[in-house]
Amino acid sequence: MTYPAEHSEHTGEVERRAADGDPIPDPGLHEPPPRYTDVDPSANKRAERQVVGMFTLASVFIVASIVAYVLFEIEPSEGVSNVGDVQVSNFALGITLGLALLLIGIGAVHWSRSLMTSPEFAEKRKPLTSSEDVRQDTLASFNTGAHETGFGRRKMIRNSMFGALALLPLPAVVLLRDLGPLPGDSKEHTVWDEGVRLLSDVTYEPIRAADVDLGQLINVMPETFRELPEHGPERLNERAKSPVMLVRMLPEELSPAQGRENWHIDGIIAYSKICTHTGCPISLYERTTHHMLCPCHQSTFDLADNGKVIFGPATRNLPQLPLAVDDQGYLIAQSDFTEPVGPTYWERGTR
Ligand code: FES
(Lines give C-alpha, C1' and ligand atoms only; values in the text may rest on other atoms or scores of the structure.)
Protein backbone atom coordinates (compact mmCIF):
# COMPACT_ATOMS: atom_id res chain seq x y z
CA MET A 1 0.00 0.00 0.00
CA THR A 2 1.34 3.44 -0.87
CA TYR A 3 0.75 6.58 1.06
CA PRO A 4 0.90 9.60 -1.28
CA ALA A 5 1.66 12.86 0.42
CA GLU A 6 -0.34 15.98 -0.30
CA HIS A 7 0.85 19.46 0.30
CA SER A 8 -1.49 21.69 2.25
CA GLU A 9 -1.60 25.19 0.79
CA HIS A 10 -2.50 26.63 4.16
CA THR A 11 -0.06 25.07 6.56
CA GLY A 12 2.76 23.81 4.33
CA GLU A 13 2.49 20.49 6.16
CA VAL A 14 2.16 17.10 4.56
CA GLU A 15 -1.16 15.34 4.83
CA ARG A 16 -0.81 11.62 4.28
CA ARG A 17 -3.51 9.65 2.50
CA ALA A 18 -4.03 5.93 2.05
CA ALA A 19 -4.42 4.41 -1.45
CA ASP A 20 -8.19 4.73 -1.24
CA GLY A 21 -7.83 8.50 -0.67
CA ASP A 22 -8.80 8.51 2.99
CA PRO A 23 -6.55 10.67 5.11
CA ILE A 24 -4.31 8.72 7.49
CA PRO A 25 -4.94 9.97 10.99
CA ASP A 26 -2.05 11.72 12.68
CA PRO A 27 -0.78 9.31 15.34
CA GLY A 28 -0.35 12.30 17.63
CA LEU A 29 2.11 12.83 20.38
CA HIS A 30 2.50 10.36 23.21
CA GLU A 31 2.31 11.48 26.76
CA PRO A 32 5.22 9.92 28.59
CA PRO A 33 4.23 7.85 31.63
CA PRO A 34 4.49 9.85 34.87
CA ARG A 35 7.74 9.52 36.79
CA TYR A 36 7.97 8.84 40.50
CA THR A 37 8.97 12.47 41.00
CA ASP A 38 5.84 13.62 39.13
CA VAL A 39 3.42 11.76 41.39
CA ASP A 40 5.19 11.96 44.73
CA PRO A 41 6.00 15.51 45.92
CA SER A 42 8.36 14.25 48.63
CA ALA A 43 10.29 12.19 46.04
CA ASN A 44 10.47 15.32 43.90
CA LYS A 45 11.91 17.30 46.81
CA ARG A 46 14.36 14.49 47.60
CA ALA A 47 15.60 14.39 44.01
CA GLU A 48 16.09 18.16 44.08
CA ARG A 49 18.14 17.86 47.26
CA GLN A 50 20.26 15.12 45.72
CA VAL A 51 21.05 17.24 42.67
CA VAL A 52 21.92 20.24 44.84
CA GLY A 53 24.08 17.99 47.03
CA MET A 54 26.03 16.70 44.04
CA PHE A 55 26.66 20.16 42.61
CA THR A 56 27.70 21.44 46.07
CA LEU A 57 30.07 18.53 46.60
CA ALA A 58 31.53 19.16 43.15
CA SER A 59 32.26 22.76 44.21
CA VAL A 60 34.04 21.44 47.32
CA PHE A 61 36.26 19.18 45.19
CA ILE A 62 37.07 22.05 42.84
CA VAL A 63 38.21 24.18 45.78
CA ALA A 64 40.12 21.15 47.13
CA SER A 65 41.97 20.83 43.81
CA ILE A 66 43.13 24.45 44.08
CA VAL A 67 44.25 23.84 47.66
CA ALA A 68 46.12 20.70 46.54
CA TYR A 69 47.83 22.66 43.79
CA VAL A 70 49.06 25.26 46.25
CA LEU A 71 49.87 22.79 49.01
CA PHE A 72 52.22 20.39 47.26
CA GLU A 73 55.62 21.71 46.31
CA ILE A 74 56.60 20.55 42.84
CA GLU A 75 59.47 22.90 42.12
CA PRO A 76 62.73 20.93 42.37
CA SER A 77 64.98 22.09 45.16
CA GLU A 78 68.68 21.97 44.55
CA GLY A 79 70.16 18.49 44.74
CA VAL A 80 66.95 16.93 46.09
CA SER A 81 64.71 14.73 43.98
CA ASN A 82 61.08 15.84 44.11
CA VAL A 83 59.61 12.96 42.14
CA GLY A 84 57.58 11.82 45.16
CA ASP A 85 56.04 15.29 45.66
CA VAL A 86 55.14 15.52 41.99
CA GLN A 87 53.42 12.14 42.15
CA VAL A 88 51.41 13.12 45.24
CA SER A 89 50.48 16.46 43.66
CA ASN A 90 49.36 14.77 40.43
CA PHE A 91 47.33 12.23 42.38
CA ALA A 92 45.62 14.91 44.49
CA LEU A 93 44.82 17.09 41.46
CA GLY A 94 43.56 14.13 39.47
CA ILE A 95 41.32 12.73 42.17
CA THR A 96 39.75 16.07 43.17
CA LEU A 97 39.13 17.31 39.63
CA GLY A 98 37.97 13.88 38.50
CA LEU A 99 35.43 13.60 41.30
CA ALA A 100 34.21 17.17 40.69
CA LEU A 101 33.56 16.43 37.01
CA LEU A 102 31.91 13.11 37.83
CA LEU A 103 29.53 14.73 40.33
CA ILE A 104 28.61 17.53 37.92
CA GLY A 105 27.85 14.94 35.24
CA ILE A 106 25.78 12.68 37.50
CA GLY A 107 23.94 15.69 38.94
CA ALA A 108 23.03 16.98 35.47
CA VAL A 109 21.75 13.57 34.33
CA HIS A 110 19.74 13.09 37.54
CA TRP A 111 18.26 16.58 37.16
CA SER A 112 17.20 16.03 33.55
CA ARG A 113 15.77 12.54 34.08
CA SER A 114 13.97 13.15 37.37
CA LEU A 115 12.94 16.78 37.45
CA MET A 116 12.97 18.43 34.04
CA THR A 117 9.76 18.15 32.06
CA SER A 118 10.20 16.11 28.89
CA PRO A 119 7.38 16.79 26.42
CA GLU A 120 7.49 14.97 23.08
CA PHE A 121 7.92 17.11 19.97
CA ALA A 122 7.23 16.23 16.34
CA GLU A 123 8.59 18.32 13.52
CA LYS A 124 6.42 18.22 10.41
CA ARG A 125 8.31 17.80 7.16
CA LYS A 126 7.66 19.84 4.07
CA PRO A 127 7.46 17.97 0.74
CA LEU A 128 10.86 17.46 -0.91
CA THR A 129 9.66 17.43 -4.52
CA SER A 130 9.07 20.68 -6.41
CA SER A 131 5.50 21.66 -7.14
CA GLU A 132 4.02 20.86 -10.53
CA ASP A 133 4.24 24.57 -11.52
CA VAL A 134 7.96 24.75 -10.80
CA ARG A 135 8.61 21.58 -12.77
CA GLN A 136 6.66 22.85 -15.77
CA ASP A 137 8.56 26.18 -15.63
CA THR A 138 11.91 24.41 -15.56
CA LEU A 139 11.02 22.20 -18.50
CA ALA A 140 9.76 25.20 -20.50
CA SER A 141 12.95 27.23 -19.91
CA PHE A 142 15.08 24.19 -20.89
CA ASN A 143 13.13 23.78 -24.14
CA THR A 144 13.41 27.50 -24.85
CA GLY A 145 17.18 27.37 -24.33
CA ALA A 146 17.51 24.32 -26.61
CA HIS A 147 15.49 26.08 -29.27
CA GLU A 148 17.37 29.40 -29.06
CA THR A 149 20.83 27.78 -29.22
CA GLY A 150 19.76 25.57 -32.12
CA PHE A 151 21.49 22.67 -30.36
CA GLY A 152 19.17 20.11 -31.94
CA ARG A 153 19.08 21.67 -35.41
CA ARG A 154 22.73 22.58 -35.97
CA LYS A 155 24.14 19.09 -35.84
CA MET A 156 27.56 20.00 -37.31
CA ILE A 157 28.22 22.62 -34.65
CA ARG A 158 27.09 20.25 -31.94
CA ASN A 159 29.20 17.32 -33.18
CA SER A 160 32.34 19.42 -33.76
CA MET A 161 32.01 20.82 -30.24
CA PHE A 162 31.74 17.28 -28.80
CA GLY A 163 34.83 16.33 -30.83
CA ALA A 164 36.82 19.27 -29.43
CA LEU A 165 35.72 18.47 -25.88
CA ALA A 166 36.69 14.81 -26.32
CA LEU A 167 40.22 15.78 -27.42
CA LEU A 168 40.68 18.35 -24.68
CA PRO A 169 42.21 15.93 -22.08
CA LEU A 170 44.90 14.76 -24.52
CA PRO A 171 47.38 17.63 -23.90
CA ALA A 172 47.24 16.79 -20.19
CA VAL A 173 48.21 13.19 -20.98
CA VAL A 174 51.08 14.39 -23.18
CA LEU A 175 52.30 16.69 -20.41
CA LEU A 176 52.68 13.66 -18.13
CA ARG A 177 55.92 12.98 -19.99
CA ASP A 178 57.41 15.95 -18.16
CA LEU A 179 57.10 14.06 -14.89
CA GLY A 180 60.22 12.14 -15.88
CA PRO A 181 61.16 8.76 -17.33
CA LEU A 182 59.13 5.71 -16.44
CA PRO A 183 60.68 3.85 -13.53
CA GLY A 184 60.85 0.57 -15.45
CA ASP A 185 62.35 -2.16 -13.28
CA SER A 186 64.64 0.25 -11.40
CA LYS A 187 62.66 -0.41 -8.25
CA GLU A 188 63.61 -4.06 -8.46
CA HIS A 189 67.37 -3.44 -8.16
CA THR A 190 69.80 -1.46 -6.06
CA VAL A 191 73.54 -0.92 -6.43
CA TRP A 192 74.19 -3.63 -3.86
CA ASP A 193 75.87 -6.56 -5.55
CA GLU A 194 78.10 -9.51 -4.84
CA GLY A 195 81.29 -8.40 -3.10
CA VAL A 196 80.21 -4.77 -2.49
CA ARG A 197 81.62 -3.59 0.81
CA LEU A 198 79.45 -1.99 3.47
CA LEU A 199 80.58 1.54 4.38
CA SER A 200 79.63 3.37 7.54
CA ASP A 201 77.55 6.32 6.41
CA VAL A 202 79.25 8.47 9.06
CA THR A 203 82.92 7.70 8.41
CA TYR A 204 82.57 6.36 4.85
CA GLU A 205 84.97 3.60 5.90
CA PRO A 206 84.45 -0.13 5.31
CA ILE A 207 83.40 -2.09 8.37
CA ARG A 208 85.21 -5.07 9.81
CA ALA A 209 82.95 -7.78 11.21
CA ALA A 210 85.15 -7.95 14.28
CA ASP A 211 84.56 -4.24 15.00
CA VAL A 212 80.76 -4.49 15.28
CA ASP A 213 79.74 -4.69 18.95
CA LEU A 214 76.91 -6.77 20.32
CA GLY A 215 73.67 -4.70 20.26
CA GLN A 216 75.24 -2.03 18.05
CA LEU A 217 73.35 -0.52 15.10
CA ILE A 218 75.27 1.01 12.21
CA ASN A 219 73.75 2.78 9.23
CA VAL A 220 75.60 1.75 6.10
CA MET A 221 75.75 2.43 2.40
CA PRO A 222 77.25 0.47 -0.49
CA GLU A 223 80.86 1.19 -1.45
CA THR A 224 79.76 1.45 -5.11
CA PHE A 225 77.72 4.49 -4.17
CA ARG A 226 80.96 6.47 -4.35
CA GLU A 227 81.26 5.67 -8.03
CA LEU A 228 77.94 7.22 -8.97
CA PRO A 229 77.90 10.67 -10.56
CA GLU A 230 78.07 13.44 -7.97
CA HIS A 231 74.66 14.82 -8.96
CA GLY A 232 71.68 13.72 -10.96
CA PRO A 233 68.73 11.36 -10.79
CA GLU A 234 70.80 8.16 -10.71
CA ARG A 235 72.53 9.18 -7.49
CA LEU A 236 69.30 10.39 -5.91
CA ASN A 237 67.52 7.23 -6.90
CA GLU A 238 70.19 4.97 -5.43
CA ARG A 239 70.53 7.16 -2.36
CA ALA A 240 66.83 6.59 -1.77
CA LYS A 241 66.93 2.83 -2.25
CA SER A 242 70.28 1.64 -0.89
CA PRO A 243 70.46 2.60 2.80
CA VAL A 244 70.93 -0.39 5.01
CA MET A 245 71.20 -0.88 8.75
CA LEU A 246 73.47 -3.34 10.37
CA VAL A 247 72.91 -4.82 13.82
CA ARG A 248 74.63 -7.47 15.82
CA MET A 249 72.94 -9.91 18.15
CA LEU A 250 73.84 -13.32 19.51
CA PRO A 251 73.68 -15.90 16.69
CA GLU A 252 71.42 -18.12 18.82
CA GLU A 253 68.86 -15.28 19.03
CA LEU A 254 68.32 -15.39 15.27
CA SER A 255 65.69 -17.57 13.63
CA PRO A 256 66.65 -17.38 9.95
CA ALA A 257 64.13 -18.52 7.37
CA GLN A 258 64.98 -21.47 5.22
CA GLY A 259 67.75 -20.57 2.77
CA ARG A 260 68.89 -17.58 4.87
CA GLU A 261 70.95 -19.53 7.38
CA ASN A 262 74.23 -18.13 6.00
CA TRP A 263 73.03 -14.52 5.49
CA HIS A 264 74.49 -13.37 8.81
CA ILE A 265 78.06 -13.18 10.03
CA ASP A 266 78.28 -14.41 13.58
CA GLY A 267 75.01 -12.61 14.48
CA ILE A 268 75.59 -9.54 12.27
CA ILE A 269 72.58 -9.00 10.02
CA ALA A 270 71.63 -6.27 7.58
CA TYR A 271 68.22 -4.99 6.50
CA SER A 272 66.95 -2.28 4.21
CA LYS A 273 66.44 0.94 6.12
CA ILE A 274 63.36 1.88 4.06
CA CYS A 275 60.05 1.07 5.71
CA THR A 276 57.88 -1.20 3.59
CA HIS A 277 54.80 0.82 4.45
CA THR A 278 55.31 4.19 2.79
CA GLY A 279 59.09 4.41 2.74
CA CYS A 280 60.18 6.31 5.85
CA PRO A 281 63.75 5.69 6.99
CA ILE A 282 63.71 3.59 10.14
CA SER A 283 66.25 3.13 12.90
CA LEU A 284 64.51 3.10 16.28
CA TYR A 285 66.09 -0.13 17.46
CA GLU A 286 65.14 -1.80 20.70
CA ARG A 287 68.13 -3.86 21.56
CA THR A 288 66.59 -6.24 24.11
CA THR A 289 63.62 -7.26 21.94
CA HIS A 290 65.38 -6.82 18.56
CA HIS A 291 62.40 -4.79 17.38
CA MET A 292 62.82 -2.01 14.86
CA LEU A 293 60.18 0.70 14.98
CA CYS A 294 59.25 3.05 12.15
CA PRO A 295 58.61 6.54 13.55
CA CYS A 296 56.08 7.46 10.86
CA HIS A 297 53.19 5.08 11.59
CA GLN A 298 54.70 2.74 14.18
CA SER A 299 55.20 -0.33 12.00
CA THR A 300 57.42 -2.67 13.99
CA PHE A 301 59.71 -5.33 12.54
CA ASP A 302 61.44 -8.20 14.34
CA LEU A 303 65.04 -8.21 13.15
CA ALA A 304 65.74 -11.55 14.84
CA ASP A 305 62.92 -13.10 12.83
CA ASN A 306 63.70 -12.17 9.22
CA GLY A 307 62.46 -8.58 9.57
CA LYS A 308 58.92 -9.84 10.14
CA VAL A 309 56.15 -7.25 10.62
CA ILE A 310 54.80 -7.66 14.13
CA PHE A 311 52.80 -4.46 14.41
CA GLY A 312 51.51 -1.55 12.35
CA PRO A 313 50.30 -0.88 8.84
CA ALA A 314 53.28 -2.35 6.93
CA THR A 315 52.36 -5.55 5.12
CA ARG A 316 55.78 -6.75 3.97
CA ASN A 317 58.80 -7.84 5.99
CA LEU A 318 61.92 -5.71 5.80
CA PRO A 319 64.10 -6.93 2.93
CA GLN A 320 67.31 -8.52 4.22
CA LEU A 321 70.71 -8.06 2.60
CA PRO A 322 72.72 -11.30 2.55
CA LEU A 323 76.15 -10.74 4.16
CA ALA A 324 79.59 -12.27 3.87
CA VAL A 325 83.16 -11.21 4.76
CA ASP A 326 86.00 -10.70 2.32
CA ASP A 327 89.50 -12.06 2.85
CA GLN A 328 90.46 -8.92 4.79
CA GLY A 329 87.63 -9.34 7.27
CA TYR A 330 85.42 -6.56 5.87
CA LEU A 331 81.68 -7.01 5.58
CA ILE A 332 80.44 -7.40 2.01
CA ALA A 333 77.12 -8.19 0.36
CA GLN A 334 76.58 -11.67 -1.04
CA SER A 335 74.25 -10.16 -3.69
CA ASP A 336 71.66 -7.47 -4.22
CA PHE A 337 68.47 -7.68 -2.16
CA THR A 338 66.43 -10.65 -3.25
CA GLU A 339 63.20 -8.62 -3.19
CA PRO A 340 62.33 -4.98 -3.95
CA VAL A 341 63.05 -2.53 -1.17
CA GLY A 342 60.72 0.23 -0.07
CA PRO A 343 56.97 0.54 -0.04
CA THR A 344 54.67 -1.95 -1.63
CA TYR A 345 53.50 -0.83 -5.06
CA TRP A 346 51.02 -2.19 -7.50
CA GLU A 347 53.38 -3.63 -10.11
CA ARG A 348 55.56 -5.36 -7.57
CA GLY A 349 56.61 -8.73 -8.95
CA THR A 350 57.39 -11.89 -7.04
CA ARG A 351 61.14 -11.93 -7.28
S1 FES B 1 56.21 4.53 6.71
FE2 FES B 1 56.76 3.19 8.26
S3 FES B 1 54.97 2.73 9.24
FE4 FES B 1 54.36 4.06 7.70
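Quick caveat: nothing in here was measured; it's all calculated off a predicted structure.

### Looking at the UniProt feature "transmembrane region" (unreviewed entry) in the protein
Piece 1. The feature "transmembrane region" (unreviewed entry), as annotated in UniProt, sits at residues 51-71, 91-111 and 161-180 in this numbering.
Piece 2. For residues 91-111, the helix share is 100%, the strand share is 0%, and the end-to-end C-alpha distance is 30 Å.
Piece 3. Segment residues 161-180 splits into 65% helix and 0% strand. End C-alpha atoms: 33 Å apart.

### Re the sheet that holds strand 10 (residues 308-311)
Piece 1. Judged by pairing direction, the sheet is antiparallel, and its 4 strands sit side by side in the order 7-8-9-10 without closing on themselves. Among the strands making up the open sheet, the edge pair consists of strand 7 (284-286) and strand 10. Adjacent strand axes in the sheet meet at a mean angle of 30 degrees when their direction is disregarded.
Piece 2. Relative to strand 10, strand 9 (residues 300-302) runs antiparallel, the two sharing 3 bridges. Across the sheet, residue D302 finds its bridge partner in strand 10, namely K308.

### Section: helix 2 (residues 41-71)
Piece 1. Helix length check: helix 2, at 31 residues, gives a terminal C-alpha distance of 45 Å against a target of 45 Å (1.5 Å per residue), a fit within 8%.
Piece 2. Where helix 2 is concerned, the buried positions are A43, A47, V51, M54, A58, S65 and A68.

### Things to note about the pairing of strand 6 (residues 268-272)
Piece 1. Counting buried residues along strand 6, 5 of its 5 residues qualify, which places the element largely inside the surrounding structure.
Piece 2. Here strand 5 (residues 244-248) runs beside strand 6; their pairing, made up of 5 bridges, is antiparallel. Bridge pairing in strand 6 links L246 to A270.
Piece 3. With 2 bridges joining them, strand 6 and strand 11 (residues 320-321) adopt antiparallel strand pairing. Its bridge partner being in strand 11, A270 is matched across the sheet by L321.

### Some remarks on unusual backbone geometry
Piece 1. In this structure, Y204 takes a positive phi of about 60 degrees despite not being glycine.
Piece 2. Residue classification places Y204 among the partly exposed positions, given a relative accessible area of 40%.
Piece 3. A positive phi angle is found at H290, which is not glycine, with a value near 65 degrees.
Piece 4. Tracing the chain through its elements places H290 in the loop between strand 7 and strand 8 (291-293).

### A look at the nonpolar core
Piece 1. With 19 residues, the main nonpolar core has W192, L246, I268, L321, L323 and L331 as its most contacted residues.
Piece 2. Elements with a contribution of two residues or more to this core: strand 4 (217-222), strand 5, strand 6 and strand 13 (331-333).
Piece 3. Of all hydrophobic cores here, the second largest spans 18 residues; its members include C280, Y285, V309 and A314.

### Brief notes about the environment of T315
Piece 1. Within the secondary structure, T315 sits in the loop between strand 10 and strand 11.
Piece 2. Classification of T315 by relative accessible area gives exposed; the value is 64%.

### Things to note about the state of the cysteines
Piece 1. One pass over the structure, following the stated rule, counts 1 disulfide.
Piece 2. The partner cysteine of C280 in its disulfide is C296, sulfur to sulfur 1.9 Å. Across the disulfide from C280 to C296, rotation about the S-S bond amounts to roughly -95 degrees, and the bridge is consequently left-handed. Of the two residues, C280 sits in the loop between strand 6 and strand 7 while C296 sits in the loop between strand 8 and strand 9, which places them 16 residues apart along the sequence.
Piece 3. Look at C296 and you get partly exposed, because its relative accessible area is 35%.

### Some words on the pattern of salt bridges
Piece 1. Here the structure, examined in full by the defined rule, presents 8 salt bridges.
Piece 2. Here K45 ties to E48 by a salt bridge, and the two come within 3.4 Å at their closest N and O atoms. Placement of both K45 and E48 in helix 2 is noted, with a separation of 3 residues, approximately one turn of the helix.
Piece 3. Its relative accessible area of 44% is what places K45 among the partly exposed residues.
Piece 4. Residue classification places E48 among the partly exposed positions, given a relative accessible area of 36%.
Piece 5. A salt bridge links R135 to E132; its shortest N-O distance comes to 3.4 Å. Here R135 pairs with E132, and both are found in helix 4 (residues 132-149), just 3 residues apart, close to one helical turn.
Piece 6. On the accessibility criterion, R135 (44% relative accessible area) is partly exposed.

Rules used in this analysis
- Residues numbered from 1 in each chain as written.
- Predicted model: local features only at pLDDT ≥ 70, side-chain atom pairs only at ≥ 80, totals over all residues.
- Heavy atoms only, no water.
- UniProt positions renumbered as here; feature names shortened; annotations may be inferred.
- Helix = DSSP H or I, 4+ residues; strand = E, 2+ residues; numbered from the N terminus.
- Pairing = 2+ DSSP bridges.
- Axes fitted to C-alpha atoms, helices over the stretch in contact; angles between N-to-C directions.
- Expected span 1.5 Å × (residues − 1).
- Buried < 20%, exposed > 50% of the residue type's maximum accessible area, 1.4 Å probe, protein only.
- Core = buried A, V, L, I, M, F, W, Y, C linked by side-chain atoms within 4.5 Å.
- Disulfide = S-S within 2.5 Å.
- Salt bridge = Lys/Arg side-chain N within 4 Å of Asp/Glu carboxyl O.

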